[in-house]
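Structure assessment
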Amino acid sequence: MSCLIHLHTIAMGCDFEVFAFGEDRGLLRSAAEVAIEEIERIEHLLSHYLPESEISYLNAHAAREPVRVHPEVFELIERAVYLSEETEGAFDITVMPLVRCWGFFEGIGQIPDSRTLAETLERVGFSRLRLSAGNLTIAFAREGVEVHLGAIGKGYAVDRAIEVLRDAGVEAAMVHGGHSSVRAYGAPPDTGGWQINLAHPLYPDRSLAHLLLRNRAISTSSAAEQYFERAGRRYGHILDPRTGMPVENELLCVSVLADEATVTDALSTAFFVLGEEGTREYILAHPGVQAVLLRQGDEQVEWIG
Ligand code: ADP
Ligand code: MG
């Protein structure tokens with residue numbers, strides 16, 4: 001008899017859930033427990049909030065001298081920089097000074113004056129990171145640069161949890177982080193995959209699309225939930241690292257499908273910045289990546305790829 005095990009944990013400011021299907025309940029439970037521990041381990045490695053994390057140490061020291069990081073952290077930062085290059089800087093793990101300057105870090109919301117914005121932009125940009133693969137060190141080009149993995153870390157934790165479950169011999173599994181990044185392999189009995197509902201960002205009860213996820217990952221980015229308003233204008237939490245401005249384009253939300261959640265997490269943020277045209281260009285050049293986007297004011301989603 002096949003059974004389903006379901007465990008969850010709070011990490012990276014959201015609820016992660018692990019679902020594992022198979023015949024052996026004992027194996028499923030222990031594998032799911034290890035997957036949950038893996039998510040928590042990654043949170044401790046990458047967190048911006050924990051003073052003892054690798055990222056906190058890096059941010060505190062890398063402007064003065066190259067900092068040697070855990071090989072796993074180095075590899076993730078290397079991938080993040082690659083994804084920045086691929087998206088022409090739309091996704092950028094050095095965006096934190098801008099997040100702070102717009103008051104998103106404290107959750108207050110404030111509009112910086114143009115001088116503050118210009119000064120902040122001096123500390124932003126992935127080209128300000130110096131990676132040395134030979135000795136696994138990272139240095140910052142100047143004081144005030146910060147690495148923040150908020151738009152890729154959840155996806156990475158989902159990928160790692162999936163690898164744990166697969167290595168343990170679990171037949172079929174699905175993991176998500178706050179519903180914004182999901183990855184699944186195999187399928188529950190008598191199904192073609194894991195049922196995923198894409199909810200409307202403004203009306204969560206309304207479904208935009210149902211899809212069957214199998215050996216694939218999906219992430220969603222939107223500014224519908226985290227934003228502030230001033231003088232009738234909305235300022236969302238996803239920023240264009242090149243201009244320093246909150247994204248304002250035709251998109252309400254965008255979901256990205258690819259093989260790994262690390263990639264879909266970063267790309268959903270990037271596509272939100274790039275808008276529809278930039279998303280189309282990226283997908284034309286990258287077979288295997290698909291997007292589902294909803295334009296402001298539209299009722300129906302558009303599939304690309
Ligand atoms: P979620 O965290 O809801 O899954 P995202 O993956 O899109 O959404 O990450 C958004 C977070 O990433 C923001 O809250 C901010 O801290 C940071 N961020 C904002 N703009 C960018 C950007 N252009 N590139 C990388 N990180 C960003
Ligand atoms: Mg993201």
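Our subject in this report is the structure included herewith.

Conventions and cut-offs
Residues numbered from 1 in each chain as written. Chains lettered and ligands numbered in written order. Predicted model: local features only at pLDDT ≥ 70, side-chain atom pairs only at ≥ 80, totals over all residues. Heavy atoms only, no water. Pairing = 2+ DSSP bridges. Helix = DSSP H or I, 4+ residues; strand = E, 2+ residues; numbered from the N terminus. Axes fitted to C-alpha atoms, helices over the stretch in contact; angles between N-to-C directions. Contact = heavy atoms within 4.5 Å. 1 Å grid on protein atoms, 1.4 Å probe; cavity = no way out; pocket = protein on both sides within 12 Å on 5 of 7 lines; lining within 4 Å. Points joined across faces, edges and corners; volume = space filled by probe spheres on them. Donors = N, O, S within 2.8 Å, 3.2 Å for Na, K, Ca; no water. Buried < 20%, exposed > 50% of the residue type's maximum accessible area, 1.4 Å probe, protein only. Near = heavy atom within 4 Å. Polar contact = N/O pair within 3.5 Å; in protein donor to acceptor, adjacent residues only side chain to side chain. Areas by Shrake-Rupley, 256 points an atom, 1.4 Å probe, with all protein chains shown as cover. Phe/Tyr/Trp six-rings, centres within 6.5 Å; stacked < 30°, edge-to-face > 60°. Lys NZ or Arg CZ within 6 Å of the ring centre and 35° of its normal.

On to the sheet that holds strand β6 (residues 172–177). Reading across the sheet, the eight strands line up as β1-β2-β6-β7-β10-β13-β14-β15 and stay open at both edges, with antiparallel pairing between neighbours. Both edges of this open sheet fall to β1 (3–11) and β15 (302–304), since each of them pairs with a single strand only. Taking each pair of neighbouring strands and ignoring which way they run, the sheet shows an average axis angle of 15°. With six bridges connecting them, strand β10 (residues 216–222) and strand β13 (residues 251–258) associate as antiparallel partners. By the bridge assignment, Ser-222 is partnered in β13 with Cys-253. In this fold helix α1 (residues 25–46) packs onto β1, β2 (14–22) and β6, with an angle of close to 15° to the strand it touches most, β1. This element, helix α7 (residues 261–285), spans β7 (181–185), β10, β13, β14 (290–295) and β15 of the sheet and lies at about 120° to β13.

Looking at the second largest pocket, its volume works out to about 250 Å³. Along its surface, the second largest pocket is lined by 14 residues, and Ala-223, Arg-234, Val-247, Leu-251 and Gln-296 are the ones closest to its centre. The set of elements that each furnish at least two residues to the lining of the second largest pocket consists of β12 (233–236) and β13. By residue number, the principal contributor to the lining of the second largest pocket is β12, which donates three residues.

What follows concerns the coordination of the magnesium ion (ligand 2). For the magnesium ion (ligand 2), the full set of protein donor atoms is Ala-151 (O), Asp-265 (O), Asp-265 (OD) and Thr-269 (OG1), and the range of their distances to it is 2.2 to 2.7 Å. Ordering the donors of the magnesium ion (ligand 2) by residue number gives the pattern A-x113-D-x3-T. Of the two residues, Ala-151 is situated in the loop between β5 (137–140) and α6 (153–167) and Thr-269 in helix α7; the sequence distance between them amounts to 118 residues. Judged by relative accessible area, which is 22%, Ala-151 ranks as partly exposed. By relative accessible area, Thr-269 is classed as buried at 13%.

Taken together, 18 residues lie near ligand 1, and Ala-90, Ser-180, Ser-221, Leu-239 and Thr-269 sit nearest. Between a nitrogen atom of ligand 1 and a main-chain N or O atom of Ala-90, the distance comes to 2.9 Å. In this structure, a nitrogen atom belonging to ligand 1 sits 3.0 Å away from a main-chain N or O atom of Asp-92. Across the complex, the protein chains shield 89% of the 570 Å² of accessible surface that ligand 1 would expose by itself.

As a further point, take the packing of aromatic side chains. Under the definition given, this model contains six aromatic pairs. Summarising the aromatic geometry, the rings of Phe-21 and Trp-194 are spaced 6.0 Å apart at their centres and angled 55° between planes, so their arrangement reads as tilted. With Phe-21 in strand β2 and Trp-194 in strand β8 (residues 194–199), this residue pair connects regions lying 173 residues apart in the sequence. Members of the aromatic cluster, each reached through a chain of ring pairs, are Trp-102, Phe-104, Phe-228 and Tyr-235. The ring of Phe-105 is capped by Arg-100, whose NZ or CZ atom sits 4.5 Å from the centre of that ring. Over the ring of Tyr-185 we find Arg-166; its NZ or CZ atom is 4.5 Å from the centre of that ring.

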